[in-house]
Structure formats: structure tokens, C-alpha cells
Amino acid sequence: MENNKYYLRTTEEVMQQLQSNHDGLTKEEAAKRLEQNGQNKLIEAKKDSIFKKFLMQLVNPMIIVLLIAAAINLVTVIIERSSGGEESFAEFFIIVGVVLLNAILGVIQEGKAEQAIEALKQMTASTCKVLRNGNLLAIKNEDIVVGDIVIIEAGDSIPADCRILECASLKCEESALTGESVPSNKQSEVLTTDVLVGDRSNMIYMGTTAVYGRAKAVVTATGMQTEMGKIADRLAQTKQEVTPLQKKLNSLSKTLSFLVLGISVFIFVFKLLSDMTFGFEAILDSFIIAVSLAVAAIPEGLATVVTIVLSIGMTKMAKNKAVVKRLTAVETLGCTQIICSDKTGTLTQNKMTVVEHYGADEKLLATAMAQCCDAILDNESKTAKGEPTEAALVNYAYSIGLNKNELDKLQPRVGESPFDSMRKMMSTLHQTDKNIVQYTKGAPDEILKKCNAYYDGKQILPLNESKMQEILTANASMAHKALRVLAVCMKEYSTVPTFNNPEDIENQLIFVGLCGMIDPVRPEVKLAINECKNAGIRPIMITGDHKDTAIAIAKELGIITDDSQAITGTELDMISDEEFASKIENISVFARVQPEHKVRIVDACKSKNYITAMTGDGVNDAPSIKSADIGIGMGITGTDVTKSAADMVLQDDNFATIVSAVEEGRRIYENIRKAIQFLLSSNLAEVVAVFGATMLGFTLLKPMHLLWINLITDTFPALALGMEEGEKDLMNRKPRKPNESIFAGGLGANLIIQGAFIGITTLLAYLIGNCMENEGVWQWSFSGESTMGMTMAFLTLSLTESFHSINARSINHSILTVKTQNKWLIGAFILSMILTFGVVLIPGVNEMFGFATNLKITHFAVCFGLAIAVIPFVEISKIVQKLFKKD
């Protein structure tokens, strides 16, 4: 396509060559071209094969130690059998089987997590506006084809390489392609000389962004044929994100690994020295005991559980209209202390209706308002489509007999100066049967600065002080009623003026009138604001509206109680950053703000160490969204730029959805803590039991037993704990500090207390089993192993951890206060019970595990009694901990 050099061709030549027209392709032709040329996608990073993912599951220090132990066991059995022994290969096959099963489950779970994240990417896929059969449609960027006519506005990402057909002050940020940081000015005229990409002013390219103005363009290249496609290999390199929590857990695992390695070496040496035998069998026996301790101490399934819980949480949030793009955002949401929210569309419904007007000539007022906007009137439904404020103005004009489509024919647009948030206004130029008329609409205070006259219904008069005061009074009256107010003015020319900047035409204007629009507050937002306050989160409202309007709405929502808690952008400009930071805690409403003010607001909040969320929709909101701890883009009204910069995108642009996402972030983090407590207390119990047994001189459990419990019995309840509903007081707690330890809030103490109790219970089960095997003779210190003792220790430990998963449903509260049901935990509990009883009772299987085959009801009763004791013990420990906290 590049050889065609469309920038050196006229628009007519380009359209002819691409076999397109100004009304766009037909749907049939677009479908045909999509099938022929493929989707508009760049090459993606190559994903690891299933086999590589499987091998990566095995590249783990503890798994390698286990495989070495299995290999040594295999060699030992082969040697014994060659000497006439009857040693079984069971332990070797069980260790290898459990390791392989764990690796397979890991690959499956990783695949599900990837699928969940991919589904979220699809939900936030960029869309663009195209003309098909003359109708304006919004389609996914990947469905664009060569010859499509696209409509580009400020904030849009350019979906493909295009030749500009029509252009109105378009500027594009092309640094991703050219490295040039200053936006490039665009135009539609043909170039006369061949130039480099950065100088092709009549072309726009995939991966760049429109930052100002608008344009109509025809697609010349898609996918890998674009300029961006030529550097796609560099773009395709991706890096998997690791959250702060995962980093902490990885660090914890490393610390545990070194600690366990030291203890294991100590146990290995201690065992050899205590037995005073150094033959191969003694060394192997000591090695197996050391491996047992290592297996007991390392929570092999923890990293997998955390990743899965995070990805499932992201999926659930997406179903609730909050699409989280980064795993880190899920964690940070739970720490959020301040939510800075735009008013329009987020706190309000963004369903504007003109309910009041001020001006001598309503027809002229409505005409000027309807013409100076980009909304269109649908001929079939007779309702306006476009940005809500502009749609309200077009609907208002239609309600008094002025059809926007007819006005466009009578007064075709011949020039414009698009809206931007700095000027707070826009201007359009129209050809009439007499002359050229300019309409300029925007914020009343800014518009009035440009006016030196007004229209009284009959003639144009100078704008004197008394008239100015009358207009300001009318504006304030509407603002006090919580109406959004826009002003419009006009100017006439004999010919179309030439101008390079808006200031060239936005001066010496004639004031026409005001329109007051109501934008109803979202009914659910007031409850969400109260929920925020209960959760220790402060909502801050940011708006471009008049201060009086902002105060009226903020009071209605309960954001502020006094006018002194509101400030304007002008007032903000008059104070230093230091003074602003000292006052930020007493300001909750910012009116008449510009995008750079939002960055100052975020910086002031962060200077006080507040975790801050910031919403945004406009192209100039991207810097503040990036500065915030949580950047929130609007899915409906947001530009591609803000959605790309955001950590989270709201599909319904609703403040209440932010609060729900914060609650979900808290729930996910709390559930991960529950899983950590459950798994680590179980591992600590195993360490206590194995270490105690070694000191007493007997083998409590073999590596295959501990591995079965850690990777098979424990993993399912841990995952199920990740599905717990939020506790009833979750949103009545203060936000946690981002640097807070995982073990804060009593979790560390719980680990030690619960782990020690379960470990001692397991040792007791072994001793009771040994006693029952030896006809009531207690043996507290001996060498070797008791089959019945080992069986009862395994059964007690497995059952205890199953019952303990019920305790883990709340870290600090009694399980009796948990009123919700967790069907996943019930299923995991039943599955763990089946697996536990299966390996103990199924003939052949129990022999492979080295368990006793003559278990009686009394054995089960003892194990069950010891196991269920963990529930009242933990309940009592929670009560004691609460009593100590009160003191």
C-alpha cells in the first residue's frame, strides 16, 4: 500500500483507487474486504506453548527437590528388588503422580486466568466511528477495512492508516510513530513532494491520537500493512505484570525456602548423628525426613491460588461494569482513601434537558445553540444523537419548531474552531443567504469576556454594566437551581474570515442568550456517597460548571455541608502548591476547573499520602489519570486516550460502580489473606508435627503424604475461600495502608496459634494410633515408624485442615456471624473428605500410601474428635484476641 503514496494524490484520486465513496462502503462490501484482507490487527506477542507452560510448572526449587527424592527412592527400590527384596514402587509413583497432576492443574488454571484477562481486553477494545451506507456506526477497530470512511474527533485513537478527506483544525500526537512530542497539524490538501512519515500532513496513522479538532478520512492500510505494522515486532514484546502482593509472596517464599533449607540440613545432620549410623540406608532415611520437612514448610499452591483469585475477581468486577485492566489496580482499590470524580455523567445521569432560557429572541437563541454543535437529529426518531449537552440543545431547538437538519441546509457550516477545555467554548461559521454568521457557545463567564454588545430582539446594543449585571444575575439564578448553564453569542462577516487561532475570531461578539439544562443526579449515587464515608473514603467532586451549580449538587449528594468546602479553578491558581496541600483536607468541591487543575488536585492528595482515584473522560484528562494511584476512564463518554491511560474503565460511567469496585477490591484482598492464613497455618502445623516427631525419634509422615495434603487436599478449600462473599462490616472499616504487612490485623498471631494447635493435635493422633496398635502401651520416644500412628496422623491432619477451612471464612470474627453460604467451600470440603477417605480406605491405594488396612470405627472416632476440636479452639482464640485488643 505504501507504494501508492496516497499523500501525493488528490482526495478524488485516492477515493477512486480505493473504490470508495463519501457515504462509505456498503456492509456487504466491507464484509467482503474483511474476509479477503483479515482483521485490522498487529502481530501479537508469541504465547508459550502448553508444553513450555507445563515445564515451567516443574521449574520450582521444591518440585526439583521432590523429583530428586523420587529418583533416589526409585534407585533404592531397584537395588533392593535386585537383591531379592520386595520393596514397592508405590512411593515413587505417588510422588511423581502428584507432582505431574499439580503441574497439569497449574497449566489449566493459568490458562483460565489468561482467558479471563483476554476477555477483559475484548471488553475494553477500542472502537471507531465509520460511515457505512451513509449511516454513522461505531465498530471495533479490528473490523475496519481499506476504503472505510472514518470520522475522527479529539481524543480518538487513529484506528488505521488514513488519507484525510476533510479537516477542521486537526492535531495528532504521533510520538509513538515518529518520536516527535509536539502534536502535528493536519490538513486535507495534496502534497507536492515526497516526505517522511512525520511530515505527511494529509495522512493520519494507526497508533497515533487526535488531540484537537476533527476530520473525515478514508482508510488506506490496515493491520500489518500500516506504518505501525512495520515496527510491530518491537511492539509485540510483552511483560507479565506482577502485583505488589505477589511480589511480597514471592519474597516470602524465598525467605521460607532458605529457612527451610537451613532447618532441613540441621535435621539431616541431627538424624545421622543421633542414630550414629552412616550407611546408605541411614543417609537415605535422613534425607527423606529432611525432604518431608521441606515439603511441609513450603505452601506450594499459594502463588497459584493468589493469581486465580485475582483473575476471578477481575472477571466479577467486569460483570459489574468495572473493567480492571491491570492486576495491580485490584489490590490498590482496597486501599483507596479519596475518589475524585467528575460531576457530569458520573454523579449525574448525563441526560440533559433544557428547562430554562434567557434572551430576547428564543428562536435566534435556539438556532445559534443548535448550529454551534456537532450533535445530529435522527430523522426517524426525531431525537438528537451525540454528546449529551449538545443533544439537549438540538432537542430544545426541535421542540420549538427548528429542525437541525433543515437549519444545516439553510446555513451550511463553512468553518469552525472546535471546543477545548482551556477556552471553554467553540465556534462555527455558517453561510446564509445574506452573509457569513458565526455562532460561539460556551461557559457564560468566558463567553461574556468576549462580548462587547448584545441583541435585544430588535437591534444590537453596547453591552453596558447594567446589562452585564442582568445577565450574570440570570446565570446565577439558574446555577442556584443546579442547572448547567451555557451562553451563546454571534458575529457577522461579509466573507469567510481566515484565521489561524480561535482568538482571531472569538472577539467583539454579540451576546444572544443563556440556556439552563438540568442533569438529574443518579439516584444510586447518594447511597454510594454515604457508603464511601462509612468506609473512610472521601469523595471529591470536580466540575467545569459554575460554582453555585457545583455547590447545590454537592450538598444534595452529601459531599459537602458548607459553601466554604468549595473552590474554583481561578481561586486554585492563586495559591501555592504548599498552601493547597495544607487546605486539601477541607476542600471537597472544585468548580470551573481545567485539566491541569486535576493534576494539582491529585498531587496535593498524594502529598498527604492519600491513595487517590481520579476519573476522566476528555483527551486532556490523561495526565491526571496517569498521576492518580487509580486512574478511572469512562467507557461511554471517555475518549480512547483516557481509556488507554486508565487502570479501570467504567462501562456505565457511574460513581456507584467505583464504590462497588472498591468494595470488590477489599473483598478480593481479604479473601487472599484468608487463603494465606489457611495455607500457611496448615504448613506451620506440618512443620511443628514433623519437627517434633523427628526430635522424638520417629517418622510421622512421608513426603508423599505431606505432598498429597498440600497440593491436593488443601488447594481446593484455599481456592474456595477466594470465592467468599464480603463480610458485613467490610465497608465499615478504614482503608488499609498500602505498605501494611500481609500478616497485619492479627493474621500473623493466628498463624502461629492455629499452626501450633494443629501440629500438636497431629502428633497426639500419631501417639494415640501407636498406642492402639501396641495394645495400649504408650511409647513417647522410639525409633522407626508406626503404620497405625502414621495413618491416624494423616487422617487427623487432613480432616483438621478441612474443618479449619471453615474457621478461615473470617480472620477475626466468629464463624457464627458469617450468614452467607459458600457453595464452593462446601464442594471443596466434600471433595477433600472424599479424597482423604479414599486414600485411607480404598484397598490397594491405602497400601501404596503405606497406611494401615485394619482401621476400625474407634480409629475414625478419635481422628474425627481431634480434628473437629480445631473449630472451638479457633473460636475461643478469636474471643481472647478481641478481649486483649479492647484492653
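Refer to the structure printed above.
Residues numbered from 1 in each chain as written. Predicted model: local features only at pLDDT ≥ 70, side-chain atom pairs only at ≥ 80, totals over all residues. Heavy atoms only, no water.

A.B. asks: With reference to specific residues and values, describe the sheet that holds strand β22 (residues 589-591).
C.D. replies: Strand order across the open sheet formed by 8 strands is β8-β25-β24-β23-β9-β20-β22-β21, with mixed pairing between neighbours. Every other strand in the sheet has two partners, leaving β8 (322-324) and β21 (566-568) as the edge strands with one partner each. Sheet twist, expressed as the mean angle between neighbouring strand axes with direction ignored, is 20°. With 3 bridges joining them, β21 and β22 adopt parallel strand pairing. Paired with Ile567 across the strands is Phe590, a residue of β22. Of the strands in this sheet, β8, β9 (338-342), β20 (538-542), β23 (612-616), β24 (630-634) and β25 (648-650) touch helix α24 (residues 655-696), which is tilted by about 160° from β9. (Pairing = 2+ DSSP bridges. Helix = DSSP H or I, 4+ residues; strand = E, 2+ residues; numbered from the N terminus. Axes fitted to C-alpha atoms, helices over the stretch in contact; angles between N-to-C directions. Contact = heavy atoms within 4.5 Å.)

A.B. asks: Go over the nonpolar core with me, naming the residues and quoting the values.
C.D. replies: Formed by 70 residues in total, the largest nonpolar core has its most connected members in Ile559 and Phe655. Residue contributions to this core peak at 14 residues, all from α24. In contact with Ile559, other than residues within four places in its own chain, are Leu347, Ile529, Lys533, Pro539, Met541, Ala554, Ser588 and Val589. Within the second largest apolar cluster, 55 residues are counted, among which are Ala103, Ala765, Ile815 and Val839. (Core = buried A, V, L, I, M, F, W, Y, C linked by side-chain atoms within 4.5 Å. Buried < 20%, exposed > 50% of the residue type's maximum accessible area, 1.4 Å probe, protein only.)

A.B. asks: Explain the environment of Ser264 to me, and be specific about the residues and the numbers.
C.D. replies: Note on placement: Ser264 falls in helix α8 (residues 244-275). Judged by relative accessible area, Ser264 falls into the buried class, the value being 8%. Expressed as a C-alpha distance, the spacing of Ser264 and Ala290, which sit 26 residues apart in the sequence, is 4.6 Å.

A.B. asks: Provide a residue-level description of the pattern of salt bridges, including the pertinent values.
C.D. replies: One pass over the full model with this rule turns up 38 salt bridges. With a shortest N-O distance of 2.7 Å, Glu174 and Lys186 are connected by a salt bridge. In this pair, Glu174 is assigned in the loop between β4 (161-173) and α6 (175-178) and Lys186 in the loop between β5 (184-185) and β6 (203-204), connecting sequence segments 12 residues apart. Overall, Glu174 belongs to the buried group, its relative accessible area being 1%. Under the relative-accessibility criterion, Lys186 is labelled buried at 7%. When salt bridges with common partners are traced through the structure, they connect Glu670, Arg673, Lys674, Glu727, Asp729 and Arg733 into a single cluster. (Salt bridge = Lys/Arg side-chain N within 4 Å of Asp/Glu carboxyl O.)

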